[in-house]
Structures are given as structure tokens and as C-alpha cells.
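For reference, the chains in residue letters:
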Amino acid sequence: MNIHDYGFYRVAAIVPPCAVGDCTGNAERIIGALRKSAEMGADIAVFPALALTSASCGTFFEHRSLLNAAEDRLAYIVRQTSMEPIIGVVGFPFFFSGNIYSAVAVFSRGTIYGIVPLDGTAHSHVFSVYSGRESSTILTGLQNTAIPFGSDLLFEVEKSRFSFVIGGSPKNIQNQSQAGIKDGSPATGSTPLTVTGAALYIEPLAQASFAGSFTELCRSAAARSKQERNTVLFVNAGWGESSTDTVCAGERGIYENGELLAAANGFELSSFNKTGDFNFSGYEDEAAITLADMDCEAPSSLGRSSSVCRRIVIPAIPSRGVLLVRPRNPNPFIPLAVQNNEQAWESFFSQVTELQARGLAKRLYHTGCKKTVLGISGGLDSTLALFIAILASRMLRQKADSVTAITMPGFGTTDRTKSNALKLAELLGCTVLTIPIEKAMLQHFADIEHPADLCNTVYENAQARERTQILMDKANQLGALLVGTGDLSESALGWETYNGDHMSMYNVNAGIPKTMLRHCIDYVAAYPSVFLPDGDKHTEFRAIVQDILDTPISPELLPAQKQVITQKTEDILGPYELHDFFLYYLLHTDFSPAKILLLAEHCFSTEQRYNRQQILGCMRIFYRRLFSQQFKRSCAPDGVQVGFGSFSPRGAWQMPSDMNAAVWLAELEKLSEV
């Protein structure tokens, strides 16, 4: 498998041990690290600013002996790695046009493709601040051909979407004032991200580390990568730098669209045991390498103008990667940073549920409705909608009994789901009604001459439409607003009855995928005091909610056998966690089925949850239903989008109801043959 075909390129942030001013020794360590990262399948290896000399040479950066030695050893590195299929980005001091710059050289297979000056700082009396006036193609002793020089260089790998720019502001660590050290925030790069359109922004650093600097660097990189919709890589100077006044810890990180791909705080080379002993083994020999496969196509910065940059094309690099080196997130609708942090999880879902409630509250306020009506089934969708309806009523200073919860048992309703629905609504203080539909359905089947024992589509959909008619009419009767319960996943798959559960007056779950519903319910259920002032009922409340979470997902439209649910949605459609995985990439990227399959295998197959054929089978169902059911989405009711995506025909989703799935299904068939 060639991961380049799918837009993935392996990037490496490398901190080699250094010796201050020892260009020869540093060059050998850089060569060793380049070769090792190439063996690990890296396409580009990025070193800290001034890695060739070390960053703490101080006044000696002005000495021609050091400058000449650095230039000579850089040429040596380029020659020695000419057979390695990798791009190197190495920092060194560069004398040009009467100025000394902290610069980086970009080279690959024996050729230097560009030299980029990094910004100086107010704390440095050695390095010049690059003005941009010297942008040119220059001749140096590094090679016989001219080399592009300037901060306006956009490097592109031939016949690929892998492009990168270099910025960053390495602070002179020996002359950094206390104010500068305390600030600690990385300076913005010399190349504006907003005009480059590069997939990767590289930030070589040489700044003093302090307690909390790693967190600050990561926060800054995450924010910039999310803002610019690309990948940001930073790497700071590390072990071997002078400790006269400050220390460099070798922090490094790789962030893609705000999400962490890989990072290290620089302390992993040492170990501290409980006896108080440090182990410094490996500091003098081993480079610290952080790898990740960045996605040049996600989410997308490809269409951004880059006319202000000079394009430098680097010959294509053969792919050697087989398995992706990326974090695994089987539930991409929830960022890993949220999943792995309880406080972040609570904050995230607090905002989700409040957005849902705010949307409904605004609609109630605007229409003048003082009441809401919704159908409850004891399932996930209606349970969350019930919680949101009560929260909205609280926002409008209405009592819980302004929410009318109606259970409508039919041929497939089990005692378990009916009991859970009724008990929960009663506990919450709602107005509760039970309106059975069996008698009405038998009359309806007789009216349309449909055999009552023929359990086909007519049998199922007629029940869904009967329930919607009851809810609509009851809402009219009470002067209330009918709250819809259908979720984003059901809309994607068309798993809803047209003009049945498909319709409502406002749908609070329209922007929530099925796998998110569980988390939303978990969050709301964690705060029973919001709904139940009586603390004695909290245990019962949690028990009911937990049983709802444990109940198999089912429309309960086919007769149950001995009160056991026989119609299980995931047995028919496939696992919702797979469908939601496909749904995320459908809504947020333009990825092909082949690339989504690759990512799904990366996230699911390694844990042996689903094999390739199981994933492909589910993908066929997803794409077939996605394309055939657009007519339902084209007339969907209003519903709040909470940020995960939307199928609203009034928003960004523009899909003809007659769109053909042939292209996508044909690609899936080809993938099945591999």
C-alpha cells in the first residue's frame, strides 16, 4: 500500500543531541538521525533552529570560523544523505549579503532546494531580522547551482499535494531577557499562513524552556493548525545546548486541524526512579524522533491562493509506509482531547446540550408556544429529546408539566421500553399520556385492504405515520410545538418513515449522530438534580437511564416474541459506529471510499473489531442508502446544528434527490477485489 496515494506523508520532528559549536560532531548526529528516520519511513525530517552549530554559541555566531564550518558541514550532510529518499530541514547560521541569519536549508537526495531565513528577535544582537528585500536566487559555496533564498518559498513535492512552508522565530537563548523567557509563547512565523495554502507549516525553534512551555507550544500549534486548516509541526532545541542561563528541553509536536497527531515534552530521554536517581543514558548518542502521518487532504487548504509565494518543486519521494502512524479515533465526532479528559468531556457535552435547548427555546419563544409535545419510546433518540425539551422549558421559566410526553404502544412495543419511557417521563414531572395504536392500525389495514398479518413495509410505515398523526394533532389540540427526535445518522441512512417520524415542527436531534446520543444522555444523566430536586429519586433516575442505554436500538414496528425485541436496527443496517465513522468523513472531507476504508481499517481492524470485508459491507449499505434517501432530507424540518454536521437543505448540504451512487459503488466493488 502506498500511503502517498491517499494523501498521507510521514513527517518527523527530530531533536539530536548536540555539542555547542561542534559542527563536525553535530553533523554526524544529524546524518544518523536522517538515516534512521528514513528507515522509519519518514518523508521529511525537521530539526531545530541552529541544530548544526547548537543555538547557544552567542557572540561566536559572528565569527567567520564558525560560519564557514557550519556551511562546510551542511554541504557534507547533503552529500552523505544523497541516497536517502527523504527531505531534510536543518537549521544553521547563514552569512548572506552582509547579514547573519538563523536559517534552515531544505534539501533532498544531494540537492539544496532552498534556504529560508527565520525571524530574529528583540533579544538577539547577532542575527538579522529578515526584511524580505533580499529575496532572490543566490550562489554560495554549498553547491554549484543557484539556491532560492527568502521567506517566501513554498516547497511542493512533485505530483502530490504535499507542500510546506517554514517559519518560526528562534530566540537567541543566551541573550533572551527574563521577560522573553517568562513569555514563552512561540512567535509567529515569517511566512504568513493565510496566503500560502501549504499543507504543512514547519516551525524550527531554539528557545528557552520553562515550566509549562510545552503546554504553551502545543496550545499555540493546535490553535494555528485549526485556524488555517492544515498541519503545524514545531521542534525546539534540546539536549546539549548550553545551560549557562537557560535550558532547552527539545519540545516537539505535530498538530493537524487542531488535533494532536504526536508530541513529546522533551523529557523522555531521561528516567527518574523512586530512589531519586536520574538515568541520562542515551543523551549523547540517540536522537529523539517523533513521527506522524499527516493528511495533506484533510480538511483542506488546497484551494487557498499561494500566488505571493515562490514555488519550489522537489522530486517525488517513494512511499515506504505500510501502516499509518496516526492516533486512532473510532468516534471522530468526539475529539480525542475530549475523550481523554473528563473535564473537557463535561465542558464539550454541556455546550452540545445547551445549544440544542437554546434552539428549541428560541423556536418556542418566537411562536409563542408555551408547551411542547413529543413521542417517547424508551429509546435513545426520544430520551435525549425529552431531556432537551425540559431544559428548554427551564430556560423559558416554564414547569416540567409543560412538556407532554406521549407513549404510543404498538404491535412491536415491549414492556421494557414502554415501562422505561413512562417511568422516566413521570419522574421528570412531565404530563404523560398513553395512546395505544393497535386498534387504529387494524382499522386502517382494513380500510386500505392490507392483511393485518402481512409484516411488510406498509405494516411498519403505517404505524410510524399513525404515531406522527397523533402527535401532530395532539400538539394542535394543546397549542404546543411537536418536538422531533430523529438524529443525524438516521437522516444519512434514510432510516425514517417519510411523513412519519421523519416529520416534526422542530427537530432537536437533527445535528446529533447516533454514537453521540449516548454521550449526551450520559452527560445529562450525570446531573439528576437539574431535573429532580428530590435526591431520593436520583438512584431510580440513573437506573432507568442506564437501562435505556443498554436497550438494543429498534424501531419496534414488528411483533416482539415473548417481550424480546426481535427487530434490531444494527442487525439490518450494520453497526452505527461504522456508519457514523463514514458519516463524519462524508460531512467534513471530500475523501474517496478508498481513503475512508483505509482510515476505518486503521481505527477498527487493529483491534479486531471489524475486518475489511465487514467494513466494506457496511460501506455499501451506507452509500446505497445515502444516495437513495436524499428526497427525505430535502424536506426535513428545521433543526439545530451543533457543529458536527447538517443535512439541512437550507445549509451547506446541497445534494440532488436524484443523485446516482454508481461511481461510489463501483469504487467499493473494486476495493472488494483487492
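The structure contained in this document is the topic of the report that follows.

Reading the values: the criteria
- Residues numbered from 1 in each chain as written.
- Predicted model: local features only at pLDDT ≥ 70, side-chain atom pairs only at ≥ 80, totals over all residues.
- Heavy atoms only, no water.
- Pairing = 2+ DSSP bridges.
- Helix = DSSP H or I, 4+ residues; strand = E, 2+ residues; numbered from the N terminus.
- Axes fitted to C-alpha atoms, helices over the stretch in contact; angles between N-to-C directions.
- Buried < 20%, exposed > 50% of the residue type's maximum accessible area, 1.4 Å probe, protein only.
- Polar contact = N/O pair within 3.5 Å; in protein donor to acceptor, adjacent residues only side chain to side chain.
- Contact = heavy atoms within 4.5 Å.
- Phe/Tyr/Trp six-rings, centres within 6.5 Å; stacked < 30°, edge-to-face > 60°.
- Lys NZ or Arg CZ within 6 Å of the ring centre and 35° of its normal.
- Salt bridge = Lys/Arg side-chain N within 4 Å of Asp/Glu carboxyl O.
- Expected span 1.5 Å × (residues − 1).

Another aspect to go through is the sheet that holds strand S8 (residues 153-157). Across the sheet, which stays open at both edges, the 7 strands sit in the order S13-S12-S11-S10-S9-S8-S17 with mixed pairing between neighbours. At either end of the open sheet lies a strand with only one pairing partner, and these are strand S13 (259-264) and strand S17 (310-314). Strand-to-strand twist in this sheet, taken as the mean axis angle between neighbours without regard to direction, amounts to 20°. Here 3 bridges tie strand S9 (residues 163-166) to strand S10 (residues 200-204), and the two strands are oriented parallel to one another. Residue pairing for S10: Phe-164 is matched across the bridge by Leu-200.

With that settled, consider unusual backbone geometry. For Arg-397, which is not glycine, the phi torsion reads 60° and is therefore positive. Of note, Arg-397 is situated in the loop between helix H7 (380-395) and strand S19 (403-407). In this structure, Glu-556 takes a positive phi of about 50° despite not being glycine. For Glu-556, the position within the fold is in the loop between helix H13 (538-550) and helix H14 (569-573). Of the residues examined, Glu-556 reaches a relative accessible area of 7% and is grouped as buried.

The next subject is the side chain of Asp-381. If you trace the backbone, Asp-381 turns up in helix H7. One polar contact links Asp-381 to Lys-514, side chain to side chain, over a distance of 3.1 Å. The residues contacting Asp-381, other than those within four sequence positions of it, are Thr-485, Asp-487, Glu-490, Asn-509, Lys-514 and Leu-517.

Turning to the sheet that holds strand S21 (residues 480-484), a few remarks are in order. The 5 strands are arranged S20-S19-S18-S21-S22 in an open sheet whose pairing can be described as parallel. Looking along the sheet, the strands with just one partner apiece sit at the ends: strand S20 (431-434) and strand S22 (506-507). Where helix H6 (residues 342-367) meets the sheet, its contacts fall on strand S18 (371-375), S21 and S22, and the angle it forms with S21 comes to roughly 155°. Together, S18, S19, S20 and S21 form the strand contacts of helix H10 (residues 457-478), whose direction differs from that of S18 by roughly 165°.

The relative placement of two aromatic rings is captured by the distance of their centres and the angle of their planes. On inspection of all chains with the given rule, the structure shows 30 aromatic pairs. Seen in terms of ring centroids, Trp-345 and Tyr-523 are 6.3 Å apart; in terms of plane orientation they differ by 65°. Their pairing is edge-to-face. Taken together, the residues span a long stretch of sequence, with Trp-345 in helix H6 and Tyr-523 in helix H12 (residues 514-525) at a distance of 178 residues. Tyr-523 carries the same exposure label as Trp-345, and that label is buried. When the ring of Tyr-585 is compared with that of Phe-591, the centres are 5.7 Å apart and the planes differ by 20°; the resulting orientation is stacked. In this pair, the class of Tyr-585 matches that of Phe-591, namely buried. An aromatic cluster is present here, built from Phe-333, Phe-581, Tyr-584, Tyr-585, Phe-591, Phe-604 and Tyr-610 joined pairwise through their rings. Of note, Arg-73 hangs over the ring of Tyr-76, and the distance from its end group to the ring centre comes to 4.3 Å. The aromatic ring of Phe-591 is capped on one face by Lys-595, whose charged end is 4.1 Å from the ring centroid.

Let us look at the pattern of salt bridges. Pairing between side chains of opposite charge can happen when their charged atoms approach one another. A complete count under the given rule lists 23 salt bridges for this structure. For Arg-219, the salt bridge is made with Glu-216, and the minimal N-O distance between the two is 2.8 Å. Of this pair, Arg-219 and Glu-216 both sit in helix H4 (residues 213-228), 3 residues apart, which is roughly one turn of that helix. Taking relative accessible area as the criterion, Glu-216 reaches 31% and is therefore assigned partly exposed. Through salt bridges with shared partners, a single network forms among Arg-161, Asp-295, Glu-297 and Lys-595.

Attention now moves to helix H2 (residues 64-80). For H2, spanning 17 residues, the distance from its first C-alpha to its last is 24 Å, which sits close to the expected 24 Å at 1.5 Å a residue. Turning to H2, its buried residues number three or more, namely Leu-66, Leu-67, Ala-70, Arg-73, Leu-74, Ala-75, Tyr-76, Ile-77 and Val-78. On the buried face of H2, the contacting elements are helix H1 (23-39), strand S3 (87-96), strand S4 (99-108) and strand S5 (111-117).

Remember that the coordinates give geometry; whether it matters functionally is a separate question.
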